[in-house]
Amino acid sequence: MIHGPSGTHALRKELWPYDGNRIAGRLQYECHDAAGQWRRSYGKELGSSTRTG
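Residues numbered from 1 in each chain as written. Predicted model: local features only at pLDDT ≥ 70, side-chain atom pairs only at ≥ 80, totals over all residues. Heavy atoms only, no water.

The next point concerns the overall build of the protein. When its secondary structure is counted, the protein shows zero helices and four strands. Its helices and strands taken in sequence order, the protein reads β-β-β-β from the N to the C terminus. Sorting the 53 residues of the protein into buried and exposed places 13% on the buried side. Here the contacts in the protein between residues at least 6 apart in sequence split such that 19% fall between residues at least 24 apart. Working note: accessible area of the protein is about 4,600 Å², and carbon and sulfur atoms make up 53% of it. (Helix = DSSP H or I, 4+ residues; strand = E, 2+ residues; numbered from the N terminus. Buried < 20%, exposed > 50% of the residue type's maximum accessible area, 1.4 Å probe, protein only. Contact = heavy atoms within 4.5 Å. Areas by Shrake-Rupley, 256 points an atom, 1.4 Å probe, with all protein chains shown as cover.)

The following block contains the structure:
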């Protein structure tokens, strides 16, 4: 968790190995605002690379 002037927030990433030159991941972002309300967002990242990087 990170505490800053706008509240508390955290970013978590989880990598999912995929096939060949592809990779996927899940992310979860949480923030706690000054009023005490927690908010959570989820997302996915997909990536690929060429054989030479």
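This part covers the side chain of E30. Checked against the element boundaries, E30 lands in strand β3 (residues 22-32). Side-chain polar atoms of E30 contact the side chain of R40, separated by 2.6 Å. (Polar contact = N/O pair within 3.5 Å; in protein donor to acceptor, adjacent residues only side chain to side chain.)

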